[in-house]
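Here's the letter readout for the chains.
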Amino acid sequence: MAREENGDRRGGERPRELSAGAAALAARCEPRVNELARRMAGDVFEQVRGYAELPADVKDVEIAATARHGMRLFLRRGAARPRPDALEHFQERAAQRAEEGMPLHLLLRTYTLGTKELFRALRETAGPGEQDALAELAEALFTAADRLVGAVTESYLDEQAALAAERHEQRRSHARALLDGRPVTGGPVPGGPALVLCLRFGDSAVTCGGPGSAVGVRRLVRRVQTALDRAFGTDVPALLDAGGGLAVVPGAVEPPTRMVELVREATGPEVRLAAARAAGTGDIPRAARLAGEVVRVAAACGRPPGLHRLDDVLLEYHLSRPSEGSDRIAALLDPLAGRPELVETLRTHLEERQDRRATARRLSLHPNSVDHRLARVQELTGVSLADPRDTALVLAALLLRETETETDAGVTG
């Protein structure tokens, strides 16, 4: 008993049995429990938005039964601490409501409105000279309602979290099977085309707790998943982490116009996305590899963040494919080792179609400084940027070196 009282003091409340007068008033109200439960499950709770849409058996049987149980429990024990198993009925109902998708606000309002209705019945039952007994029951009712709402909310949220984790893992398993080309279980199998997306987030995408924060990563993944679901109007199977990931959209052939905007809102402006079509389920792994390569090539050749397709980097993609001559082509730029400003100027100059003024604007340089840097590049490497063949070789060398660097660093898009 002392342990219980100490625990309740820490919680700011000290349970006690009802006085004789309060207990007598509660006992006189108990015969009205069935009538009150029917009224609550009917007219009283109808004022709660969304309650009218609930199935009749939920309203007339389960909710009414819970109301009866709760009123009898209070009227017989008041604010006294309930038995350890006394709240299990309400917690089980809360978990059931969460599984059925009942909104939490609707569930909690049934309890608060029920509390109000019970007090009204106590007030109607009270006779002259029972003001103190009624006040005691009111205080006890507030204490019991606070304890009950806390237990119900905790159980509801626990169940909701468990269901969300289960759905998340099912979605990841579905995406993993599609991307690996394995048989799909627990989800729809696309019978026609599919769209595969590769996403790469910027360094600032994880905004809560820093890049190493597990909480920040979970929030980022939830935001991106929600953005994809909204963009395509369906649950999108995806494998996402702090750096990006892959997603498969069965039945889609083109990304919606607002997809990039929604994903940017979730991750920041540095996000890169690539889209590749798959002819069917068996073609999804190939499309995933292609989308990942397109993102890498687009980043390597300095394309601005956003949505990339193979056609956007067609030449660069072709030039970046490894072959027996790749090492020799990449070695053309070895003389520029330790001179990152020259490499950056060369890359930007090629991206700007060899427009020296556009290059100067991008690098915040004077055009003459661009000329001097490019002259030094040609002097060190022996190539001529006026020669189309040499220009193609330099572009291939840049792409081969940078995509190889990303692969060695473990970047998978």
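Residues numbered from 1 in each chain as written. Predicted model: local features only at pLDDT ≥ 70, side-chain atom pairs only at ≥ 80, totals over all residues. Heavy atoms only, no water.

Undergrad: How should the overall build of the protein chain be read in this particular structure?
TA: The helix and strand tally for the protein chain stands at 16 helices and five strands. For the protein chain, the proportion of its 413 residues judged to be buried stands at 46%. Accessible surface computed for the protein chain: about 21,500 Å², of which carbon and sulfur atoms make up 51%. (Helix = DSSP H or I, 4+ residues; strand = E, 2+ residues; numbered from the N terminus. Buried < 20%, exposed > 50% of the residue type's maximum accessible area, 1.4 Å probe, protein only. Areas by Shrake-Rupley, 256 points an atom, 1.4 Å probe, with all protein chains shown as cover.)

Undergrad: Sorry if this is basic, but what is going on with empty space enclosed by the protein here?
TA: Throughout the structure, instances matching the rule amount to one cavity of 30 Å³ or more. Of the volumes computed, that of the largest cavity is approximately 500 Å³. Together, 30 residues line the largest cavity, and G70, M71, F90, Y111 and L148 are the ones closest to its centre. Taken together, the elements giving at least two residues each to the lining of the largest cavity come down to α4 (56-77), α5 (88-100), α6 (104-125) and α7 (131-180). Per element, the largest residue contribution to the lining of the largest cavity is nine residues, and it comes from α4. Of the residues assigned to the lining of the largest cavity, the class counts are 19 nonpolar, six polar and five charged. (1 Å grid on protein atoms, 1.4 Å probe; cavity = no way out; pocket = protein on both sides within 12 Å on 5 of 7 lines; lining within 4 Å. Points joined across faces, edges and corners; volume = space filled by probe spheres on them. Nonpolar A, V, L, I, M, F, W, Y, C, P; charged D, E, K, R; others polar.)

Undergrad: Can you help me understand the packing of helix α13 (residues 340-351) against helix α15 (residues 367-381) in this one?
TA: Working note: a packed helix pair is described by the angle between its axes plus the distance between those axes. In contact at an axis separation of 9 Å, α13 and α15 are set at 105° when each is read in the N-to-C sense. One way to sum up the angle between α13 and α15 is to call them roughly perpendicular. For the pair α13 and α15, contact is made by E341, L342, T345, L346 and H349 and by V370, R373, L374, R376, V377 and L380, respectively. Across the contact of α13 with α15, the residue classes break down as six nonpolar, two polar and three charged. (Axes fitted to C-alpha atoms, helices over the stretch in contact; angles between N-to-C directions. Parallel < 35°, antiparallel > 145°, perpendicular 65-115°, else oblique. Contact = heavy atoms within 4.5 Å.)

Undergrad: Sorry if this is basic, but what is going on with the side chain of E130 here?
TA: Locating E130 in the fold gives a position in the loop between α6 and α7. Residue class for E130 comes out buried when judged on its relative accessible area of 17%. For E130, the residues in contact, after removing those within four places along its chain, are L25, R28 and T125.

Undergrad: Before we go on, may I ask you to explain the pattern of salt bridges in this structure?
TA: Side-chain pairs of opposite charge can arise where the charged atoms are in close proximity. Taken as a whole and judged by the stated rule, the model has 26 salt bridges. A salt bridge links R97 to E62; the nearest nitrogen and oxygen atoms lie 2.3 Å apart. Remark: E62 occurs in helix α4 and R97 occurs in helix α5; sequence separation between them is 35 residues. There is no split in this pair, since R97 and E62 are both buried. One salt bridge connects R356 with D371, and the closest N-O pair in it is separated by 2.7 Å. (Salt bridge = Lys/Arg side-chain N within 4 Å of Asp/Glu carboxyl O.)

Undergrad: Help me understand the environment of R172 in this model?
TA: By the secondary structure assignment, R172 is in helix α7. Each C-alpha atom, one on R172 and one on A238, is 5.9 Å from the other, the two residues being 66 residues apart in sequence.

Undergrad: What am I meant to see in the layout of surface pockets here?
TA: Take a probe with the size of a water molecule and roll it over the atoms, and the empty space left behind shows itself. Estimated volume of the second largest pocket: approximately 430 Å³. As for the second largest pocket, its lining consists of 20 residues, of which E316, L350, E351, R353 and L395 are closest to the centre. Among the elements of the structure, α11 (314-319), α13 and α16 (388-408) are those that each provide at least two residues to the lining of the second largest pocket. Of the residues assigned to the lining of the second largest pocket, the class counts are 10 nonpolar, four polar and six charged.

Undergrad: Just checking my understanding: could you explain the sheet that holds strand β4 (residues 272-278) for this structure?
TA: Sheets are built from strands that pair by backbone hydrogen bonding, the pairs being arranged parallel or antiparallel. The sheet built from five strands is open, its strands ordered β2-β3-β1-β4-β5 with mixed pairing. The sheet terminates laterally at β2 (238-240) and β5 (306-308), the two strands that pair on one side only. Taking the axes of each pair of neighbouring strands and ignoring which way they run, one obtains an average angle of 20° across the sheet. As paired elements, strand β1 (residues 194-200) and β4 share seven bridges and run antiparallel to each other. Paired with L197 across the strands is A275, a residue of β4. Of the strands in this sheet, β1, β2 and β3 (244-250) are in contact with α7, which crosses β2 at around 100°. (Pairing = 2+ DSSP bridges.)

Undergrad: How should the side chain of T66 be read in this particular structure?
TA: In this structure, T66 sits in helix α4. In this structure T66 comes out as buried when scored by relative accessible area, which is 10%. In this structure T66 touches H89, F90, R93 and Y111, once residues within four positions along its chain are discounted.

Undergrad: Sorry if this is basic, but what is going on with the environment of R200 here?
TA: Considering the arrangement of structural elements, one finds R200 in strand β1. What makes R200 buried here is its relative accessible area of 15%.

Undergrad: I'm lost on the packing of aromatic side chains in this one. Help?
TA: We describe a pair of aromatic rings using the distance from one ring centre to the other and the angle between the two ring planes. Tallying each qualifying case throughout the model produces two aromatic pairs. A centroid spacing of 5.7 Å and a plane angle of 75° characterise the contact between F45 and Y51, whose relative ring orientation is edge-to-face. The buried category is assigned to F45, whose relative accessible area is 2%. Among the residues examined, Y51 registers a relative accessible area of 0% and is labelled buried. Between F90 and Y111, the ring centres sit 6.3 Å apart and the planes meet at 70°, which makes this aromatic pair edge-to-face. Of the two residues, F90 sits in helix α5 while Y111 sits in helix α6, which places them 21 residues apart along the sequence. The exposure class of Y111 is buried, given its relative accessible area of 13%. (Phe/Tyr/Trp six-rings, centres within 6.5 Å; stacked < 30°, edge-to-face > 60°.)

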